[in-house]
Amino acid sequence: MTRSGFKAEVWRCLIAVSVCTIAGLFAGRGITGFALGCAGYLLWLFVQIYRLERWINRTRRGSTTTEELRGLWADLSYDVQLMLARHEKEKQRLQAVLQRMQDMATALTDAVILVDRRGNMEWWNKAAGRLFDFRDADRGQKLPNLIRYPEFIHYFDEKNYAAPLKLTLWQKDQHLELQIHLYGEGERLVMARDITRVFKLEEMRKDFVANVSHELRTPLTVIRGYLETLADSPQLSAPGQKMIQQMEQQTQRMTLLINDLITLAKLETDQLEPATAVPLTPLIDSILADARSLSGERGHKLIASGDCDLALIGNERELRSAITNLVVNAINYSPPGSQVEVRYQRENGGAVVRVRDQGNGIEPKHIPRITERFYRVDASRSVASGGTGLGLAIVKHVLLRHNAELKIPSQLGKGSEFSCHFPSSMVEPLPSTQEDTAR
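It should be emphasised that the depicted structure is a prediction, and the values quoted were computed from it without experimental measurement. (Residues numbered from 1 in each chain as written. Predicted model: local features only at pLDDT ≥ 70, side-chain atom pairs only at ≥ 80, totals over all residues. Heavy atoms only, no water.)

**Focus: the packing of helix α9 (residues 280-295) against helix α10 (residues 316-332)**
And step 1. It is at 10 Å that the axes of α9 and α10 come closest, and there the two elements cross at 40°. With respect to α10, the axis of α9 lies oblique. For the crossing formed where α9 meets α10, the hand is right-handed. Packed against α9, whose contacting residues are Leu283, Ser286, Ile287, Leu288, Ala291, Leu294 and Ser295, the element α10 presents Glu316, Leu319, Arg320, Ile323, Thr324, Val327, Val328 and Ile331 at the interface.
And step 2. Taken together, the residues of the contact of α9 with α10 break down into 10 nonpolar, three polar and two charged. (Axes fitted to C-alpha atoms, helices over the stretch in contact; angles between N-to-C directions. Helix = DSSP H or I, 4+ residues; strand = E, 2+ residues; numbered from the N terminus. Parallel < 35°, antiparallel > 145°, perpendicular 65-115°, else oblique. Left-handed = near helix turned anticlockwise from the far one by under 90°. Contact = heavy atoms within 4.5 Å. Nonpolar A, V, L, I, M, F, W, Y, C, P; charged D, E, K, R; others polar.)

See below:
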């Protein structure tokens, strides 16, 4: 609607009312003429509004017929026509974008499913249809009714999607990784990826490491036996004794490495044994007694303190392995005569076991990767200390099996602290009136 059109309509109104008023004055009825002029113009307005509304309805239904309008109403019809054209253009653009998005999702090898806020399926791509055997009749059905696996139903209903779900389709011998994302007003985007190949490769790796480790045990035992026999021979020269001694050291190192690999393989494949209450005080006292023998002439000061009535619910052998690895690492990476402290206590409803040393500490850039297999902060120091590079990996796996978490608040030059945080479900207090002690 232009400004000139509005002015023309005002002039049209004034002229029509003025003419009727003047005609009424000549007839001696000026007020009647004015009223007739206003009524006539109002009637004309209603006719134009009716014609405009009829034209809009026809246009909405897709008709291309035009309506002869004048003045302001012609301008209004032109503006409406422009708005409808823009709306149609925007609608076509959005449809094109939506079609492209659907084409992109269809081209994905990962399954994509759109679910409304009631849990009903709205759309899925071809990969999802092939993976879950969806049909057109399934549109609008609840997704948990079509993917009938208890793990998925619990994951879908719980609405805690921070971590993906690993799901096995036993009928197809497929392994999936599902991730759900929330968007809009309660709608959900479900993505499923086939990880069967990765899963089988991981299983092959575990089997290979476990089998090779077991197979290497026997020849290493034979080699060690012969080396010990040769070392006791009085006819062996001094250079020969040195070579035998070095061979024994490397054989011992290889044996430790194989034992750690077998331990890791068991942690990855074995089911968790029935949990029992493991009192921490006698366990840590026993570990420190063995650690004092390991320290030997280096003279590390080993200290333990904590809640005497504290016990963890878990596997004693695995917990001993994890804490022992932390204590041995602290000894190996601390200077002779320094202090290694083990503290265990209740904290935030759970329990924490801390192992602190007075070594050189760890740079922050190494901490995210320090629990990886064979990752070494300083390769030369690790080899000199006789480490296998698997100790912290074993600790991580043990803690995962006990729903615990390893935290490493360390600063370079200020020593290291390895803290194992156990949830309240893994803590059982023992009836005791003894107070905390330090040994």
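Back to the write-up after that little detour.
**Remarks on the packing of aromatic side chains**
And step 1. Under the definition given, this model contains four aromatic pairs.
And step 2. Ring geometry for Phe152 versus Phe156: centroids 5.7 Å apart, planes at 35°, classification tilted. Note that Phe152 and Phe156 are positioned in helix α6 (residues 150-158) at a spacing of four residues, about one turn of the helix. Both residues of the pair, Phe152 and Phe156, count as buried.
And step 3. Residue placement shows Arg139 over the ring face of Trp124; its charged tip is 4.8 Å from the ring centre.
And step 4. The positively charged end of Arg188 is found above the aromatic ring belonging to Phe156, 4.0 Å away from the centroid. (Phe/Tyr/Trp six-rings, centres within 6.5 Å; stacked < 30°, edge-to-face > 60°. Buried < 20%, exposed > 50% of the residue type's maximum accessible area, 1.4 Å probe, protein only. Lys NZ or Arg CZ within 6 Å of the ring centre and 35° of its normal.)

**Let's talk about the packing of α10 against helix α12 (residues 391-401)**
And step 1. Taken N-terminus to C-terminus, the directions of α10 and α12 make an angle of 145°; their axes are 9 Å apart at the nearest point. The two elements α10 and α12 cross, and the hand of that crossing is left-handed. Packed against α10, whose contacting residues are Glu318, Leu319, Ser321, Ala322, Asn325, Leu326 and Asn329, the element α12 presents Gly391, Leu392, Ile394, Val395, Val398 and Arg401 at the interface.

**Examining α6**
And step 1. Turning to α6, its buried residues are Phe152, Tyr155 and Phe156. Down the axis of α6, the buried side of the element spans an arc of 95°, and every buried residue falls inside it. Of the residues in α6, the exposed ones pointing more than 90 degrees away from the buried face are Pro150 and His154.
And step 2. Of the surrounding secondary structure, the elements contacted by the buried residues of α6 are β1 (111-115), α5 (143-146), β3 (165-169), β4 (174-183) and β5 (187-194).
And step 3. After α6 finishes, the residue Lys159 shows a positive phi value of roughly 60°. (Arc of directions from axis to C-beta.)

**Section: the nonpolar core**
And step 1. Counting residues in each nonpolar core, the largest one holds 45 residues, and the members touching the most others are Leu280, Val327, Val353 and Phe422.
And step 2. It is α10 that contributes the most residues to this core, seven residues altogether.
And step 3. The contacts of Val327, once residues within four sequence positions are left out, are Ile287, Leu288, Ala291, Val342 and Val355.
And step 4. With 24 residues, the next largest nonpolar core counts Phe132, Ile147, Leu165 and Val190 among its residues. (Core = buried A, V, L, I, M, F, W, Y, C linked by side-chain atoms within 4.5 Å.)

**Some thoughts on the sheet that holds β3**
And step 1. In space, the five strands of this open sheet follow the order β2-β1-β5-β4-β3, with antiparallel pairing throughout. The open sheet is flanked by β2 (121-124) and β3, the only strands paired with a single partner. Geometrically, the sheet is characterised by an average inter-axis angle of 25° between neighbouring strands, direction not taken into account.
And step 2. Sheet topology places β4 next to β5; eight bridges connect them, and they run antiparallel. For Gln179, the partnering residue across the bridge sits in β5 and is Met191.
And step 3. In the packing of α6 onto the sheet, contacts are made with β1, β3, β4 and β5, and the angle to β4 comes to roughly 15°. (Pairing = 2+ DSSP bridges.)

**A look at the side chain of Gln179**
And step 1. For Gln179, the location among the structural elements is in strand β4.
And step 2. On the accessibility criterion, Gln179 (18% relative accessible area) is buried.
And step 3. There is a polar contact of 2.7 Å between the side chain of Gln179 and the backbone oxygen of Tyr161.
And step 4. With residues up to four places along the chain from it excluded, the contact list for Gln179 reads Tyr155, Tyr161, Ala163, Pro164, Leu189, Val190 and Met191. (Polar contact = N/O pair within 3.5 Å; in protein donor to acceptor, adjacent residues only side chain to side chain.)

**Observations regarding the confidence of the model for the chain**
And step 1. Of all residues in the chain, 88% have pLDDT values of 70 or greater, and the mean over the chain is 80.
And step 2. Low pLDDT (under 50) marks residues 432-438, which in the prediction has 12 contacts with non-local residues, meaning those over four places away or in another chain. (pLDDT = per-residue confidence, 0-100.)

**Overview of a nonpolar patch on the surface**
And step 1. There is a patch of nonpolar side chains on the surface, built from Leu42, Phe46 and Ile49 and spanning about 300 Å² of accessible area.
And step 2. Secondary-structure assignment places Leu42 in helix α2 (residues 30-60). (Patch = residues over 30% accessible without salt bridge, like charges linked within 9 Å, V, L, I, M, F, W, Y side chains within 5 Å. Areas by Shrake-Rupley, 256 points an atom, 1.4 Å probe, with all protein chains shown as cover. Salt bridge = Lys/Arg side-chain N within 4 Å of Asp/Glu carboxyl O.)

**A short note on the pairing of β1**
And step 1. Counting buried positions along β1 yields four of five residues, so the element is predominantly enclosed.
And step 2. Relative to β5, β1 runs antiparallel, the two being bridged by five bridges. In the strand pairing of β5, Leu114 is matched with Leu189.
And step 3. Across three bridges, the pairing between β1 and β2 is antiparallel. Residue Leu114 lies in a different strand from β2, and its bridge partner there is Trp123.
And step 4. The antiparallel pairing of β1 with β2 creates a hairpin that spans five residues between the two strands, and Gly119 there sits at a positive phi of about 85°.

**Describing the environment of Gly140**
And step 1. Structurally, Gly140 can be placed in the loop between α4 (126-132) and α5.
And step 2. Residues Gly140 and Asp116, spaced 24 residues apart in sequence, show a C-alpha to C-alpha distance of 9.0 Å.
And step 3. Excluding anything up to four places from it in sequence, Gly140 contacts Asn120 and Met121.

**Brief notes about the pattern of salt bridges**
And step 1. Going through the model one piece at a time under the given rule, you end up with 10 salt bridges.
And step 2. Salt-bridge contacts for Glu417 lead to Arg354; the nearest nitrogen and oxygen are separated by 3.4 Å. In this pair, Glu417 sits in strand β12 (residues 417-422) while Arg354 sits in strand β10 (residues 350-356), placing the two residues 63 residues apart along the sequence. Here the two residues Glu417 and Arg354 agree in accessibility, since each one is buried.
And step 3. Note that Arg356 and Glu417 form a salt bridge whose closest N and O atoms lie 3.8 Å from each other.

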